[in-house]
Amino acid sequence: MSSVAVLTQESFAEHRSGLAQQQVKVTALNSEEENDPPTYKEAFPPLPEKAPCLEAAQEPSGPWSKIRPIKASVITQVFHVPLEERKYKDMNQFGEGEQAKICLDIMQKTGAHLELSLAKDQGLSIMVSGKLEAVMKARKEIVARLQTQASATVAIPKEHHRFVIGKNGEKLQDLELKTATKIQIPRPDDPSNQIKITGTKEGIEKARHEILLISAEQDKRAVERLDVEKVYHPFIAGPYNKLVSELMQDTGTRINIPPPSINKTEIVFTGEKEQLAQAVARVKKIYEEKANSFTVSSVSAPSWLHRFIIGKKGQNLAKITQQMPKVHIEFTEGEDKITLEGPTEDVNVAQEQIEVMVKDLINRMDYAEINVDHKFHRHLIGKNGANINRIKDLYKVSVRIPPDNEKSNLIRIEGDPQGVQQAKKELLELASRMENERTKDLIIEQKFHRTIIGQKGERIREIREKFPEVIINFPDPAHKSDIVQLRGPKNEVEKCTKYMQKMVADLVENSFSISVPIFKQFHKNIIGKGGANIKKIREESNTKIDLPAENSNSETIVITGKRANCEAARHRILAIQKELANITEVEVSIPSKLHNSLIGAKGRFIRSIMEECGGVHIHFPTEGSGSDTVTIRGPAQDVEKAKKQLLHLAEEKQTKSYTVDLRAKPEYHKFLIGKGGGNIRKVRDNTGARIIFPTTEDKDQELITIMGTEEAVKEAQKELEALIKNLDNVVEDSMVVDPKHHRHFVIRRGQVLREIADEYGGVMVSFPRSGTQSDKVTLKGAKDCVEAAKKRIHEIIEDLEAQVTIECTIPQKFHRSIMGPKGSRIQQITRDYGVQIKFPDREENPAPVAEPAVQENGEEGGEGKEGKDVDPSSPRKCDIIIISGRREKCEAAKEALQALVPVTIEVEVPFDLHRYIIGQKGSGIRKMMDEFEVNIQVPAPELQSDIITITGLATNLDRAKAGLLERVKELQAEQEDRALRSFKLTVTVDPKYHPKIIGRKGAVITQIRTEHEVNIQFPDKDDESQAQDQITITGYEKNAEAARDAIMKIVGELEQMVSEDVTLDHRVHARIIGARGKAIRKIMDEFKVDIRFPQSGAPDPNCVTVTGLPENVEEAIDHILNLEEEYLADVVDNEAMQVYMKPSSHEESKAPSKGFVVRDAPWATVNNEKAPDMSSSEDFPSFGAQVAPKTLPWGPKR
């Protein structure tokens, strides 16, 4: 067991208070006592003499006797649990499992620190550190929970039992705690004298020894104590205590040898006097025999070198112990010595080897200790030890950082002297940087974390580059935490915090979102050509606009950004819709209590009204708002229809609403609804009930809901049930279709047949196989559905028979623009007019139109006769577009195609404006082309032409021309404004006033520039060709003159200023200036003056210059003189105190010191020897030097 003494301020004060007051003297400099120096014995009291025996030594006398010992506040004990006594013997799980859990539990309960290690014999060594009380408690827990328990009995006289128990059982409790055992003493009424001890083998031995000692003290027989060094105890006890047992049997004396775990050297003998003397004599004889052949020696070695002497995994020590196995080498923690025990010859050889090793290590090793606040230790270590391992590897040193639970600030560096110094320097730099560091927790909603980090960490990388010294840690997304931790220098952390808070505020402001329902057919118009419209709205409103996918049924456009911007974008999108269609918006007042019932489950009721009325948008206010206003938006006719239905439904809900559910196969629904909702509208008009069919999102696809008055609902139910019954009645019928039309029905994988089946209740239509000449077509399904499907087939055949084909001639170069992006325009015409349009194959190399060949000898030019039939005015094959369908529809489609042919117009724009219209990298012209959906051609600069050509649809040309001319007007206005803005004005100002006009960090001149919207140019100091007193102002004439007046006003004030020198004691300058000039800036701002202090090395260090208006200068001088008087008093007091303070090392080095003079010194009385040299380590050895432990000049070791 070893202990470490920790010297705290309190314990030092207590220790120091032991000295007599009169022996602590302060010798003041320049005092009268210098003439009468103290005697040598007064200044240096003699140390106590060494007592003949450590235990029997008297308390030392003299002034040192009153010094109180420093008690260790932290102790360390090592407990060993042999393999056979271990409770948990699983070798594969060392440091895991139940054993580790128990150790953690003991540490938490007791507050002690436990370290486990496994010996070669598989025994368990447990090192326990902490306060004495905590260590004892931990020890008891370890014994109870990690060791197997044994029991033994010890017999002592019944009358001695009470001495074992002690007052209020205190002695027994103390004994149990010390030995970590359970001691059971029989009750007073029990005649037994056997005391039962339960615990570990070692604990039982200790407890038995203590109990026998207590009993021996109370025994009337003779008791003798013999002090025998601990190392000889095993020789006296013999193997398995055989020798001592024989001795006790022979002499009838009880001999109590302390067990190895107790640090006692006394052997206690109890028995009859004669027999006791025999036993003592025999023990002494054994001791003397062994002492002559056994030596205990020690080697001085600083404790920090011990682990280097032991070596990695004990390699160095193993070399010595293998050569001399009988030598026991012991290292005591905190002591600068190594103890060797064993045969004399072996000990001497081992001692020599260790001394050589120590000498070598001292020559090439060094250590340093630094104090760093323990809270920074983990940052010095770094993530997974990265920082500390780098320092260890770089400088080849060992760095010992205390564990967190010790709360110690001391870090020890050991290794090569140069490496130690470099590592020390780097660690101190790291620590000083961390002391200036600050950790701040920033609360940011987790939903913004991904946005702040950015895609692939781009945004957070920008922040980290902006604040490189700040470490930004985001929480794990799984933890759902809002805390973002910033760590770094205080100022940088504050700046980063403000920056991130501003970013979050912008995100919060920009995360407002609104949904705008827009009819699906208008989405493409809102997007514009190549996304031009939507891009423009996004840029101008600074919002994010998300449109639903083309294949989605959703009509909602989501706008995200600042609230005001979102509203502006919404207004613009609605304006586009309103412009394109006859869209109106009406508000209807319906009591808010009815809103939920009108909307229906998952919006079923309201959705049915919206679908029935051509897809109008009905918007209810948010729940809980209390508003009764419902908004309906859409085409005027549909809005009116929806309004009537909504009010009717609300009225029904208020009076008496009745609801019935019907079930029908989903394939019947389309037939029940009918083409354009005709069938269901008929039922509704007849009965007045509302019928709601399920949407694709509804789970139950068979459920049909009827609602309204009870009478109307029952009537509608009756009609629908009759329709459904007819549909369930499956029939088979046939019809005749000319085989030439069969292909139309079965092409594109039978698309036409699929459409018929969907529309008419899933009716099955079977055409004969290709190759057979049959004209019979079979239909199978519900009777009504079959009849309707037959009617629809007849209509299709009628259309096919009435079909014609016409040609539309449009030059091939326009075909691409007519088709539109991905053929969208041509698809729209095909859908609108129900026709088929076929474009010709593209001609790769169209032949140029040649001049008519000259006739020679009466023959036409050309080689063949084919040329004779070619009509030059006839259209080329590649220009002919074929349209198929009903004649009237084909004609309408032809007109629509011709309307899509682009037209070209010319606009005259001054040549000097062309580059501004084109814009940077063509951005201006591109923006106009996207906005107006035209092509704008600007002539090449070398042509110097004013004509710009615009090509596009006739409908777009007028808008494009107006837009271009509007841009020309803007540019001409800008040119005029630029000419006005380039007015120049020069002001003559003495160069000495220039710095004042510019101001601190350009503050004054920046304010003038901003306020008057001008550019102010000062002359270049290095350019001698420039007039140094000329300041140039550029801007609008009016603004330039105003800026000139502002400058001249400053000059006028500066000319009135005066400068006065005032004498201020240089010792108070720092106090008046303040930290980073804060105090002096405050004075200058308060009195509106400029104060200049002399630079170091100035001829007059006390001269301070104050510049400003006369009255301000006087007030400022009075103020700083008052401050001087106040601060000077403090300076004088401090200087007076310095007289009594120890001079600093650099002051001591300036003037030679007489040193400390004493009378009657030993060197003065013997042969008039000269005084010893105080700088010599020989005359005055350092307290840090290694002193052999044999002599104890400071009294007995406690």
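Conventions adopted
- Residues numbered from 1 in each chain as written.
- Predicted model: local features only at pLDDT ≥ 70, side-chain atom pairs only at ≥ 80, totals over all residues.
- Heavy atoms only, no water.
- Pairing = 2+ DSSP bridges.
- Helix = DSSP H or I, 4+ residues; strand = E, 2+ residues; numbered from the N terminus.
- Axes fitted to C-alpha atoms, helices over the stretch in contact; angles between N-to-C directions.
- Contact = heavy atoms within 4.5 Å.
- Phe/Tyr/Trp six-rings, centres within 6.5 Å; stacked < 30°, edge-to-face > 60°.
- Buried < 20%, exposed > 50% of the residue type's maximum accessible area, 1.4 Å probe, protein only.
- Lys NZ or Arg CZ within 6 Å of the ring centre and 35° of its normal.
- Salt bridge = Lys/Arg side-chain N within 4 Å of Asp/Glu carboxyl O.
- Core = buried A, V, L, I, M, F, W, Y, C linked by side-chain atoms within 4.5 Å.
- Expected span 1.5 Å × (residues − 1).
- Arc of directions from axis to C-beta.
- Parallel < 35°, antiparallel > 145°, perpendicular 65-115°, else oblique.
- Left-handed = near helix turned anticlockwise from the far one by under 90°.
- Nonpolar A, V, L, I, M, F, W, Y, C, P; charged D, E, K, R; others polar.
- Patch = residues over 30% accessible without salt bridge, like charges linked within 9 Å, V, L, I, M, F, W, Y side chains within 5 Å.
- Areas by Shrake-Rupley, 256 points an atom, 1.4 Å probe, with all protein chains shown as cover.
- Lys, Arg positive; Asp, Glu negative; His and termini not counted.
- Charge placed at Lys NZ, Arg CZ, Asp CG, Glu CD.
- pLDDT = per-residue confidence, 0-100.

Visitor: Can you walk me through the sheet that holds strand β15 (residues 397-400) in this structure?
Guide: Sheet strands pair by backbone hydrogen bonding; their relative direction is either parallel or antiparallel. Spatial ordering of the open sheet is given by β14-β16-β15, a layout of three strands whose pairing is antiparallel. With one partner strand each, in any of the chains shown, β14 (366-371) and β15 form the two edges of the open sheet. Averaged over all pairs of adjacent strands, the angle between strand axes in this sheet comes to 15 degrees, irrespective of strand direction. The strands touched by helix α16 (residues 417-435) are β14, β15 and β16 (410-415); relative to β14, the strand with the most contacts, the crossing angle is about 10 degrees.

Visitor: For this particular structure, what's the right way to read the packing of aromatic side chains?
Guide: Both the distance between ring centres and the angle between the ring planes are used here to describe each pair of aromatic rings. One pass over the full model with this rule turns up three aromatic pairs. Note on Phe467 and Tyr499: the rings are 5.7 Å apart at their centroids and 65 degrees apart in plane angle, and the pair reads as edge-to-face. Within this pair, whereas Phe467 is found in the loop between α18 (458-466) and β18 (471-473), its partner Tyr499 is found in helix α19 (residues 490-510), the two being separated by 32 residues in sequence. Its relative accessible area of 6% is what places Phe467 among the buried residues. Ring centres of Phe745 and Phe767 lie 5.0 Å apart, and the angle between their planes is 25 degrees; on these two criteria the pair is classed as stacked. Placement of the pair is Phe745 in helix α29 (residues 742-759) and Phe767 in the loop between β30 (764-766) and β31 (776-782), with a sequence separation of 22 residues. Summarising the burial analysis for this pair, Phe745 and Phe767 share the class buried. Between Arg412 and the ring centre of Tyr367, over which it is positioned, the NZ or CZ distance is 4.1 Å. Sitting above the plane of the Tyr1127 ring, Arg1071 keeps its charged end 4.3 Å from the centroid.

Visitor: So what exactly am I meant to see when it comes to the pattern of salt bridges here?
Guide: A side chain of one charge can pair with a side chain of the opposite charge when the charged atoms of the two come close. The full count for this structure, using the stated rule, is 30 salt bridges. Close ionic contact of Asp1045 with Arg1044 constitutes a salt bridge, the shortest N to O distance being 3.7 Å. Here the salt bridges do not stand alone but share partners, grouping Asp105, Lys109, Glu141 and Arg145 into one network.

Visitor: Explain unusual backbone geometry to me, please; I cannot follow it from the model alone.
Guide: Where the residue is not glycine, phi is negative for most of them; where a peptide bond is considered, it is trans in most cases. Here the phi dihedral of Lys396 falls at roughly 55 degrees; this positive angle occurs in a residue that is not glycine. Mapped onto the elements, Lys396 comes out in the loop between α15 (386-395) and β15.

Visitor: What is the right way to read the nonpolar core from this model?
Guide: Buried together is how nonpolar side chains tend to be arranged in soluble globular proteins. In this structure, Leu672, Phe745, Ile756, Val765 and Ile793 are the most contacted members of the largest nonpolar core, which totals 40 residues. Listed by contribution, the elements that provide at least two residues to this core are β26 (658-663), α26 (666-673), α27 (678-687), β28 (703-708), α28 (710-728), α29, β31 and α30 (783-801). Sorting elements by how many residues they give to this core places α30 first, with eight residues. Ignoring anything within four residues of it in the chain, the contact list for Leu672 reads Ala664, Asn679, Ile680, Phe693, Ile704, Leu720, Leu723, Ile724 and Leu727. Core analysis: the next-biggest nonpolar cluster, separate from the first, contains 21 residues, Ile590, Met610, Val616 and Leu646 among them.

Visitor: What should I look at first to understand helix α39 (residues 1037-1056) in this one?
Guide: Residues spaced three or four apart along an α-helix point in a common direction, a consequence of the helix completing one turn every 3.6 residues. The end-to-end C-alpha distance of α39 is 29 Å, a good match for the 28 Å that 20 residues give at a rise of 1.5 Å each. Those residues of α39 not exposed but buried are Asn1039, Ala1040, Ala1043, Ile1047, Ile1050, Val1051 and Leu1054. In a view along the axis of α39, the buried residues occupy a sector of 115 degrees, so they form one face of it. Those residues of α39 that are exposed and angled more than 90 degrees off the buried face are Lys1038, Lys1049, Glu1055 and Gln1056. Of the surrounding elements, those touching the buried residues of α39 are β38 (983-988), α37 (994-998), α38 (1003-1012), β39 (1015-1017) and β40 (1030-1035).

Visitor: What is the right way to look at the packing of helix α12 (residues 315-323) against helix α13 (residues 344-364) in this model?
Guide: Working note: a packed helix pair is described by the angle between its axes plus the distance between those axes. Contact geometry for α12 and α13: axes closest at 10 Å, N-to-C directions at 165 degrees. Overall, the two elements α12 and α13 adopt an arrangement that is roughly antiparallel. Like other packed secondary-structure pairs, α12 and α13 cross with a definite hand, here right-handed. Contacts between α12 and α13 involve Asn316, Ile320 and Gln323 from the first element and Ala350, Gln353, Ile354 and Met357 from the second. Split by residue class, the contact of α12 with α13 holds four nonpolar, three polar and no charged.

Visitor: What's the story with the packing of helix α6 (residues 170-179) against helix α7 (residues 201-218) in this structure? I'm lost.
Guide: Relative orientation of the contacting elements α6 and α7 amounts to 145 degrees, with a least axis distance of 9 Å. Seen along the crossing, α6 lies across α7 with a hand that is right-handed. For the pair α6 and α7, contact is made by Lys171, Leu175 and Thr179 and by Gly203, Lys206, Ala207, Glu210, Ile211 and Ile214, respectively. Its residues placed into classes, the contact of α6 with α7 shows four nonpolar, two polar and three charged.

Visitor: Is there a simple way to think about the sheet that holds strand β22 (residues 556-561) in this case?
Guide: Spatially, the three strands line up as an open sheet ordered β20-β22-β21, and their pairing is antiparallel. In this open sheet, the two strands that pair with only one neighbour each are β20 (512-517) and β21 (544-546). Taken over all neighbouring pairs, the strand axes of this sheet differ in orientation by 20 degrees on average, direction set aside. Here β20 runs beside β22; their pairing, made up of six bridges, is antiparallel. Across the sheet, the residue bridging to Pro517 is Thr556, located in β22.

Visitor: When you look at a negative patch on the surface in this model, what are you seeing that I'm missing?
Guide: Together, Glu1060, Asp1061, Asp1100, Glu1111, Glu1114, Glu1115 and Asp1118 line one region of the surface with negative charge. At four residues, the largest contribution of residues to the negative patch is made by helix α42 (residues 1110-1138). Secondary-structure assignment places Glu1111 in helix α42. Judged by its relative accessible area of 46%, Glu1111 is partly exposed.

Visitor: Hey, could you run me through the side chain of His209 in this one?
Guide: Secondary-structure assignment places His209 in helix α7. Dropping the residues within four chain positions of it, His209 is found in contact with Asn256, Ile257, Pro258, Pro259 and Ile262.

Visitor: Would you mind showing me how to read the environment of Cys613 here?
Guide: Of note, Cys613 is situated in the loop between α24 (604-612) and β24 (617-619). Residue Cys613 is classed as buried on the basis of its relative accessible area, which comes to 0%. C-alpha of Cys613 to C-alpha of Lys641: the two residues are 28 residues apart in sequence and 6.5 Å apart in space. The contacts of Cys613, once residues within four sequence positions are left out, are Asp638, Lys641, Ala642 and Gln645.

Visitor: Is there a simple way to explain the pairing of β40 in this structure?
Guide: Consecutive side chains along a regular strand alternate between the two faces of the sheet. Of the two faces of β40, only the one carrying Ile1031, Ile1033 and Gly1035 is buried; Gln1030, Thr1032 and Thr1034 on the other face are not. Sheet topology note: the β38/β40 ladder contains six bridges and is antiparallel. Bridge pairing links Phe983 to Gly1035 in β40. Pairing of β39 with β40 involves three bridges; the strand directions are antiparallel. Bridge assignment links Ile1016 to a residue of β40, and that residue is Ile1033.

Visitor: Would you take a moment to explain the environment of Lys392 for this structure?
Guide: Position of Lys392 among the secondary structure elements: in helix α15. For Lys392, a relative accessible area of 28% translates into the label partly exposed. Linking Lys392 and Glu414, residues 22 residues apart in sequence, is a C-alpha distance of 9.9 Å. When near neighbours in sequence (up to four residues on either side) are disregarded, Lys392 contacts Val397 and Val399.

Visitor: Just checking my understanding: could you explain the environment of Gln485 for this structure?
Guide: Within the secondary structure, Gln485 is located in strand β19 (residues 483-489). Using a relative accessible area of 31% as the deciding quantity, one classes Gln485 as partly exposed. On a C-alpha basis, the gap between Gln485 and Val470 in space is 9.9 Å, while along the polypeptide they are 15 residues apart. With sequence-adjacent residues up to four places away left out, Gln485 is seen in contact with Thr439, Lys440, Asp441, Ile471, Ile472 and Asn473.

Visitor: Honestly, the confidence of the model for the protein chain in this entry has me stumped. Any pointers?
Guide: Do not read the fine detail of predicted coordinates wherever pLDDT is low. Looking at the protein chain, pLDDT values average 78 and 85% of them are 70 or higher. Below a pLDDT of 50 lies the segment residues 1-34, which in the model reaches 33 contacts outside its immediate sequence neighbourhood of four places, other chains included. Note on residues 1145-1150: pLDDT is under 50 here. Beyond four places in sequence and across chains, it has two contacts.

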